[in-house]
Amino acid sequence: MVIVRAFIGFFSLLIFTRIMGKQQIGQLNLFDYMLGITIGSMAAALTTDLSSRAWPHWVGLLTWCILGYLMHVIGTKWQYASKLLEGEPSIVIINGKIMENVLRKMNYEISAILELLRNQGVFDPTQVDFAIIESNGQLSVLLKPEHQPLTPKDMKMPVSYSGISTELIHDGILIEENLTKLNKDKTWLLTELEKQGIKDISEVFLATLNPAGSLYVDKYKDQLKKDK
Amino acid sequence: MRKFIVIALPIVTLVLFVLVMQSGDILKQPLVGDDNVPQAIETVIQDINHENWEAATQNTENLKRAWDKVVNRVQFSGERNVIDALTVNIARLQGAVQAQDKATGLTELSEAYEHWKNLGD
């Protein structure tokens, strides 16, 4: 009985959370976090609480998921509702100066802000142009221009476009669909693998091709050269 | 085709789950002939009322067999407490019939019938 109810709870939760979408994970504010815990505990009760029927737990699970989804939809369509339901970001540092009144309103200790800055690799608040506490509690930091990392553009260095690599082989299995999308064929791939001493696709754990034409290959048998 | 499967599969899965969870009321009804629990209860009540203890013993066994078949079907949609309570009622009934205790026998049968009615609700 527990196995069947676990099956029902597991796949119901999987389907509901997939429908609720990725924003549930990406923009996790306090209420979303508590929503997740509540939904999880309902799924657990559905599985193991044999003293009650599965149906009321499942209906509760569905209702909470629908309400959570509706809240996000309303927040997306109506900005004012989004501010009310999810809160809004607050600027806590401007030009190196800490906004104490904002911290007081948000019940944040200065030590917490300094810790969040250190997590971002910033050990000196004077280097910060803007620091914003997002509605999910994360701190976003914009450093002053003189403290920002150097980019190739700053150095006027030309760079070639790298783009996103496409998987051609995964776990020893050829992904033919990707090969076709890149206008390549199996013969080409085998030729390239042979250049690297690979005789068969099954020897490869991962192979990717980037837009520049560079083929990355990782074999199951990695041979790391020892430093002398 | 793939899009159809991606949409249809979750819907079919959820509908199947709902049917399993709500199937108690239907699956507790007699399906194969010798799994008619309410009729078996009624038969034993008649036997006890007429103090026909040999027939009551046999029909109590029939009731137990019928209930064992129904339990296998309703265990996913019914409350464990109700299932266990009805099982205990039948066990006590066996004792009451053996002791030829009319009052206890009828009490247990009455309670068992209530539990059966609540099954799947």
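On a predicted model such as this, the values are computed, not experimentally measured, just so you know.

## A closer look at the overall build of chain A
Along its length, chain A carries 9 helices and 8 strands. Looking at chain A as a whole, 14% of its 228 residues qualify as buried. Summarising the internal contacts of chain A: among those between residues at least 6 apart in sequence, 50% fall at separations of at least 24.

## A closer look at helix 1 (residues 2-21) of chain B
All names here are of chain B. Between its first and last C-alpha, helix 1 extends 29 Å over 20 residues, near the 28 Å set by a 1.5 Å rise per residue. Helix geometry: helix 1 is bent most strongly at Ala8, by close to 25°, with proline Pro10 lying one to four residues after it. Counting buried positions along helix 1 yields 2 of 20 residues, so the element is predominantly exposed.

## Digging into the pairing of strand 3 (residues 128-133) of chain A
Residues and elements named next belong to chain A. Here strand 1 (residues 90-94) pairs with strand 3 via 4 bridges, running antiparallel. Bridge pairing links Ser90 to Ile133 in strand 3. Strand direction decides the pairing type here: strand 3 and strand 4 (residues 139-143), joined by 5 bridges, are antiparallel. Looking at the pairing, Ile133 lines up with Leu139 of strand 4.

## Observations concerning the packing of helix 4 (residues 54-77) of chain A against helix 5 (residues 79-86) of chain A
Residue and element names in this part refer to chain A. At their nearest, the axes of helix 4 and helix 5 sit 5 Å apart, and the two run at 130° to each other. The angle between helix 4 and helix 5 places the two elements in the oblique class. Together, Met71, Ile74 and Gly75 of helix 4 and Ala81, Ser82, Leu85 and Glu86 of helix 5 make up the contact between the two elements. Residues that form the contact of helix 4 with helix 5 fall into these classes: 4 nonpolar, 2 polar and 1 charged.

## Some details on the sheet that holds strand 2 (residues 97-98) of chain A
The strands that make up a sheet are held in pairs by hydrogen bonds between backbone atoms, and each pair lies either parallel or antiparallel. All names here are of chain A. On the basis of which strands lie adjacent, the open sheet formed by 4 strands has the order 2-1-3-4 and antiparallel pairing. Since the sheet does not close on itself, it has two edges, and those belong to strand 2 and strand 4, each with one partner. The sheet contact formed by strand 1 and strand 2 spans 2 bridges and is antiparallel. What sits directly across from Ile93, in strand 2, is Ile98. The sheet strands contacting helix 7 (residues 110-119) are strand 1, strand 2, strand 3 and strand 4, and the helix crosses strand 4 at an angle near 65°.

## Describing the interface of chain B and chain A
With 14 residues of chain B at the contact, the number on the chain A side is 13 residues. If you list the elements that add at least two residues to the side of chain B that touches chain A, you get helix 1 and helix 5 (80-98) of chain B. Tallying contributions element by element places helix 1 of chain B first for the side of chain B that touches chain A, with 6 residues. In terms of residue class, the side of chain B that touches chain A is made up of 6 nonpolar, 6 polar and 2 charged.

## Overview of the sheet that holds strand 6 (residues 173-174) of chain A
All names here are of chain A. If you walk across this open sheet you meet the 4 strands as 6-5-7-8, and the pairing is antiparallel. Looking at the sheet topology across the chains shown, the edges are occupied by strand 6 and strand 8 (215-219). Relative to strand 7 (residues 204-209), strand 5 (residues 166-170) runs antiparallel, the two being bridged by 4 bridges. Residue pairing across strands places Ile169 opposite Ala207, the latter belonging to strand 7.

## A closer look at the nonpolar core
Counting residues in hydrophobic clusters, the biggest one holds 21 residues, and the most contacted among them are Val37, Ile41, Val44, Leu63 and Trp67 of chain B. Among the secondary structure elements, those contributing two or more residues to this core are helix 3 (37-49), helix 4 (53-74), helix 5 and helix 6 (102-118) of chain B. One finds Phe16, Ile39, Ala43 and Trp58 of chain A within the second-largest nonpolar core, a separate group that totals 12 residues.

## A few points about the pairing of strand 8 of chain A
Residue and element names in this part refer to chain A. The pairing of strand 7 with strand 8 spans 5 bridges and is antiparallel. Pairing of Ala207 across the sheet is with Val217, part of strand 8. Once strand 7 ends, the chain turns through 5 residues before running back antiparallel as strand 8, passing Gly213 with a positive phi of about 95°.

## Observations concerning unusual backbone geometry
Negative phi is the rule for most residues except glycine; trans is the rule for most peptide bonds. Even without a glycine there, the phi angle at Asn183 of chain A is positive, about 60°. With respect to the helices, strands and loops of the structure, Asn183 of chain A is situated in the loop between helix 8 (176-181) and helix 9 (186-195). Accessibility expressed as a C-beta count within 10 Å gives 7 for Asn183 of chain A, which makes it exposed. Notably, Gln100 of chain B is not glycine yet its phi reads approximately 55°, a positive angle. Its place among the elements puts Gln100 of chain B in the loop between helix 5 and helix 6.

## Describing the environment of Gln94 of chain B
Residue and element names in this part refer to chain B. On the secondary structure map, Gln94 appears in helix 5. Exposure remark for Gln94: the 18 C-beta atoms within 10 Å place this residue in the partly exposed category. Gln94 sits 33 residues away from Glu61 along the chain, and the two C-alpha atoms are 8.2 Å apart.

## Observations concerning the confidence of the model for chain B
Confidence in the prediction for chain B averages 90 pLDDT; 99% of positions are at 70 or higher. Both scores are given for the predicted complex: the pTM is 0.66, the ipTM 0.74.

## A few points about the packing of helix 3 of chain B against helix 4 of chain B
All names here are of chain B. Look at helix 3 against helix 4: their axes get within 9 Å of each other, and the N-to-C directions meet at 165°. Relative to helix 4, the element helix 3 lies roughly antiparallel. Here helix 3 runs over helix 4; the crossing is left-handed. The residues of helix 4 that touch helix 3, namely those facing Val37, Ala40, Ile41, Thr43, Val44, Asp47 and Ile48, are Ala55, Ala56, Asn59, Thr60, Asn62, Leu63, Ala66, Trp67 and Val70. Taken together, the residues of the contact of helix 3 with helix 4 sort by class into 11 nonpolar, 4 polar and 1 charged.

Each value, and the rule that gives it
- Residues numbered from 1 in each chain as written.
- Chains lettered and ligands numbered in written order.
- Predicted model: local features only at pLDDT ≥ 70, side-chain atom pairs only at ≥ 80, totals over all residues.
- Helix = DSSP H or I, 4+ residues; strand = E, 2+ residues; numbered from the N terminus.
- Buried ≥ 20, exposed ≤ 12 C-beta atoms within 10 Å, placed from the backbone.
- Contact = placed C-beta atoms within 7 Å.
- Expected span 1.5 Å × (residues − 1).
- Bend = angle between axes of the 7 residues up to and from the residue.
- Pairing = 2+ DSSP bridges.
- Axes fitted to C-alpha atoms, helices over the stretch in contact; angles between N-to-C directions.
- Parallel < 35°, antiparallel > 145°, perpendicular 65-115°, else oblique.
- Nonpolar A, V, L, I, M, F, W, Y, C, P; charged D, E, K, R; others polar.
- Core = buried A, V, L, I, M, F, W, Y, C linked by C-beta atoms within 7 Å.
- pLDDT = per-residue confidence, 0-100.
- Left-handed = near helix turned anticlockwise from the far one by under 90°.

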